[in-house]
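# Coordinate inspection notes
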Amino acid sequence: MRKLPPLNSLQAFETAARLGSFIQAANELHLTPSAISHRIKILENSIGISLFHRINRAVVLTDAGKSFAEQIGIAFGNIESAALEITRVGKSDLINVHVVPSLAAQWLMPRIARFSATYPDIDVRITASADPVNLEEGIVDLDICYGSVLKKSGVKTELFPAEPIVAMCSPQLLQGKDGIQHIKDIERHMLIHSEINKYSWKDWQSDHPGIKLNLERGLRFDRSFMSIFAAADGLGICLESALLVERQFDAKRIVFPFGKEGPRIQCHSVSYLSTRERLPKIRIFRDWLMQALAESPGLV
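Residues numbered from 1 in each chain as written. Predicted model: local features only at pLDDT ≥ 70, side-chain atom pairs only at ≥ 80, totals over all residues. Heavy atoms only, no water.

### Some points on the packing of aromatic side chains
A ring pair, where both rings are aromatic, is described by two values, the distance of the centres and the angle of the planes. Under the defined criterion, the tally for this structure stands at 11 aromatic pairs. Summarising the aromatic geometry, the rings of Phe 115 and Trp 288 are spaced 5.1 Å apart at their centres and angled 70° between planes, so their arrangement reads as edge-to-face. Of the two residues, Phe 115 is situated in helix α5 (residues 101–118) and Trp 288 in helix α9 (residues 280–294); the sequence distance between them amounts to 173 residues. The burial state of Phe 115 is the same as that of Trp 288; both residues are buried. An aromatic cluster is defined as three or more aromatic residues linked by ring pairs; in this entry it consists of Phe 13, Phe 22, Phe 52 and Phe 68. Over the ring of Phe 249 we find Lys 260; its NZ or CZ atom is 5.6 Å from the centre of that ring. (Phe/Tyr/Trp six-rings, centres within 6.5 Å; stacked < 30°, edge-to-face > 60°. Helix = DSSP H or I, 4+ residues; strand = E, 2+ residues; numbered from the N terminus. Buried < 20%, exposed > 50% of the residue type's maximum accessible area, 1.4 Å probe, protein only. Lys NZ or Arg CZ within 6 Å of the ring centre and 35° of its normal.)

### Observations regarding the environment of Gln 106
Within the secondary structure, Gln 106 is located in helix α5. Judged by its relative accessible area of 1%, Gln 106 falls in the buried class. Residues Gln 106 and Leu 244, spaced 138 residues apart in sequence, show a C-alpha to C-alpha distance of 5.2 Å. Once residues lying within four places of it in the same chain are set aside, the contact partners of Gln 106 are Phe 225, Ile 228, Phe 229, Leu 244, Val 245, Arg 247 and Gln 248. A polar side-chain atom of Gln 106 sits 2.7 Å from the main-chain carbonyl oxygen of Leu 244. (Contact = heavy atoms within 4.5 Å. Polar contact = N/O pair within 3.5 Å; in protein donor to acceptor, adjacent residues only side chain to side chain.)

### Some thoughts on the environment of Leu 239
Tracing the backbone through its elements, the reader meets Leu 239 in strand β10 (residues 237–241). Since its relative accessible area comes to 4%, Leu 239 is described here as buried. Sequence spacing of Leu 239 and Trp 204 is 35 residues, and the spatial spacing of their C-alpha atoms is 8.6 Å. With near-sequence residues (within four places) excluded, Leu 239 lies in contact with Ile 165, Val 166, Ala 167, Ile 192, Asn 197, Tyr 199, Ser 200, Trp 201 and Trp 204.

### A look at the nonpolar core
Core analysis: the biggest nonpolar cluster contains 39 residues, and Leu 103, Trp 107, Leu 142, Ile 144, Phe 285, Leu 289 and Leu 293 have the highest contact counts within it. Elements with a contribution of two residues or more to this core: β3 (93–99), α5, β5 (142–146), β7 (163–168), α7 (224–232), β12 (268–273) and α9. The greatest single-element share of this core, amounting to eight residues, is contributed by α9. With 18 residues, the next largest nonpolar core counts Leu 10, Ala 12, Leu 29 and Ile 72 among its residues. (Core = buried A, V, L, I, M, F, W, Y, C linked by side-chain atoms within 4.5 Å.)

### Overview of α7
Every buried residue belonging to α7 is among Ser 224, Ser 227, Ile 228, Ala 230, Ala 231 and Ala 232, and all of these are buried. Contact partners of the buried residues in α7: α5, β7, β8 (191–194), β9 (219–221), β10 and α8 (246–250). At the exit of α7 stands Gly 234, carrying a positive phi of roughly 80°.

### With respect to the pairing of β5
Of all five residues making up β5, four are buried, and the element is well covered by its neighbours. Sheet topology places β3 next to β5; three bridges connect them, and they run parallel. Counterpart to Val 97 in the pairing with β5 is Leu 142. (Pairing = 2+ DSSP bridges.)

### A closer look at empty space enclosed by the protein
Scanning the entire structure with this criterion turns up one cavity of 30 Å³ or more. Roughly 60 Å³ of volume is contained in the largest cavity. In terms of lining residues, the largest cavity is bounded by 13 residues, among which Tyr 146, Ile 165, Asn 197, Ser 241 and Cys 267 are the most central. Classifying every residue of the lining of the largest cavity gives six nonpolar, four polar and three charged. (1 Å grid on protein atoms, 1.4 Å probe; cavity = no way out; pocket = protein on both sides within 12 Å on 5 of 7 lines; lining within 4 Å. Points joined across faces, edges and corners; volume = space filled by probe spheres on them. Nonpolar A, V, L, I, M, F, W, Y, C, P; charged D, E, K, R; others polar.)

### Things to note about unusual backbone geometry
Located in the positive-phi region is His 30, a residue other than glycine, with phi close to 60°. Tracing the sequence through the fold places His 30 in the loop between α2 (22–29) and α3 (33–47). Judged by its relative accessible area of 70%, His 30 is exposed. Positive phi is not limited to glycine here, since Lys 252 has a value of about 60°. Within the secondary structure, Lys 252 sits in the loop between α8 and β11 (264–265).

### A word on the sheet that holds β11
A sheet is described by the order of its strands in space; here five strands give the open sequence β9-β8-β10-β7-β11, paired in mixed fashion. Looking at strand neighbours, the two that pair on one side only are β9 and β11, the edges of this open sheet. By the bridge criterion, four bridges tie β7 to β10 in an arrangement that is antiparallel. If you follow Met 168 over to β10, its bridge partner there is Cys 238.

### Some thoughts on the environment of Cys 145
Here Cys 145 is to be found in strand β5. Looking at Cys 145, the relative accessible area reads 18%, which means it is buried. Separated by 46 residues in the primary sequence, Cys 145 and Val 99 place their C-alpha atoms 6.3 Å from one another. With residues near it in sequence (within four places) discarded, Cys 145 still touches Val 100, Cys 267, His 268 and Ser 269.

Coordinates in, geometry out; function isn't part of it.
Put into structure tokens, the structure is as follows:
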């Protein structure tokens, strides 16, 4: 337990020392001069040191009072600064969201302004990486992962809706005499491989008997967004979640030569501590996230 002198006495002393007058201190604090004098006397008795010389009606700080006033002034200044800072930012709650890079860049970031406009009192900090996080450290509130997540005591995990995995490319690959007109035409084009995806070109070939792909060739990336950018630039055909290409599709930089339907794969999930599930910021962001997914064109 802190052994502090009476705070109202400290406030009276700091004001009188700063203004050099009990009368002016009384005016600032809306007290009487005698009340200021009384509070400072209590402070002097509390610490056992005289802080003012009282000469007739004038008051002058003792040497100890000057030193004490300097330190108390710094302390009150720090309190004032802290109060101003919390007034500036304290209306906002901060939620830390860890997201795998491709989902962050391709799906979440285009929507985060909508969340901030709907919930202006919640600030969002997004960390995009594929590194595992420990929710129990308390740094991350929500962890959005790709792939399977091991069940862990005290951690609640919710799966995203299954995502359609489809072949996609630039519109320019549909043009000309070598353009893709039929599904078998894919055999003549370069494949773009996303090496960490749960559904690969090898799986696609197994689902399409009679199609022979050159699986040994092609560009290879360890992030979906890089595969998507390469496809949009006309470098080949990639196999990705339709959820991740909404912006490129809307901008007519990506097309689905064989249609938008494909195998639906459980790709992403969001995890958070069970003990923090009822925190307003977590509940609000989780509910918004699931609603945004339900309305996402890429999943329809």
